[in-house]
Amino acid sequence: MHQSQVEEGPCVDVLATGAPIEVAGADTLLERWPTVGRLAVAAGFRSVHAYPLTWRGTVLGGLNLFCRDEHLHTDEQSATARTLADMAALVLVQPEHLDETTLADRVATALAGRVIIEQAKGVLAFQDGVSTETAYTTLVERADRDGGSLSATADFIVRGAHDD
């Protein structure tokens, strides 16, 4: 979601071009994506590989693979990643059960889940006086600790803030 907010990053590029993206090296990451690259390098990543999730010629999203070592994918690794991206797209759309309206509804539901996560990050950042990145880490830790999904934990946090 952060990539869409700052309008840069591997997923944004994959959505715009429909083509796989590979970037290796801290300097190259920073040059290509000043904001997202800075966050990736700070988190210890040195290469990024992004593959489009496509369905019937439409790019639905991207599979982003962040790696700690600086390398480009081999042909075999690229083929494997493309297969994973294709499988993820199939899981998303489940073609035997979906028409275009249902697909649109499913994408809208997925986006709504992301919205509640972003809202929870804002609540935690405000309540704890921390950055949104730290708030996201807190959110993930709470979901793991409580055994709930990220969306359910986010919803609980946002509802709690509304009740206060």
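This one's a predicted model, so the numbers in the text were calculated from it and none came from an experiment. (Residues numbered from 1 in each chain as written. Predicted model: local features only at pLDDT ≥ 70, side-chain atom pairs only at ≥ 80, totals over all residues. Heavy atoms only, no water.)

### Comments concerning the pairing of strand S2 (residues 47-55)
Burial of S2 is extensive: eight of the nine residues sit out of reach of the surface. With four bridges joining them, strand S1 (residues 21-24) and S2 adopt antiparallel strand pairing. Pairing of Glu-22 across the sheet is with His-49, part of S2. Summarising the sheet, S2 and strand S3 (residues 58-67) pair through nine bridges and their orientation is antiparallel. Across the sheet, the residue bridging to Leu-53 is Gly-61, located in S3. Counting the residues in the hairpin turn of S2 and S3 gives two residues, including Arg-56, whose phi is positive at 50°. (Buried < 20%, exposed > 50% of the residue type's maximum accessible area, 1.4 Å probe, protein only. Helix = DSSP H or I, 4+ residues; strand = E, 2+ residues; numbered from the N terminus. Pairing = 2+ DSSP bridges.)

### Quick notes on the nonpolar core
Within the largest apolar cluster, 11 residues are counted, these being Ile-116, Ile-117, Ala-120, Val-123, Leu-124, Ala-125, Ala-135, Leu-139, Ala-154, Ile-157 and Val-158. Elements with a minimum of two residues in this core: helix H6 (100-128), helix H7 (132-146) and helix H8 (150-163). For this core, the element with the highest residue contribution is H6, accounting for six residues. The residues touching Ala-125, leaving out its near neighbours within four places in the chain, are Val-130, Ser-131, Thr-132 and Ala-135. Core analysis: the next-biggest nonpolar cluster, separate from the first, contains 10 residues, Ile-21, Val-41, Val-48 and Ala-50 among them. (Core = buried A, V, L, I, M, F, W, Y, C linked by side-chain atoms within 4.5 Å. Contact = heavy atoms within 4.5 Å.)

By themselves, these figures tell us nothing about what the structure is for.
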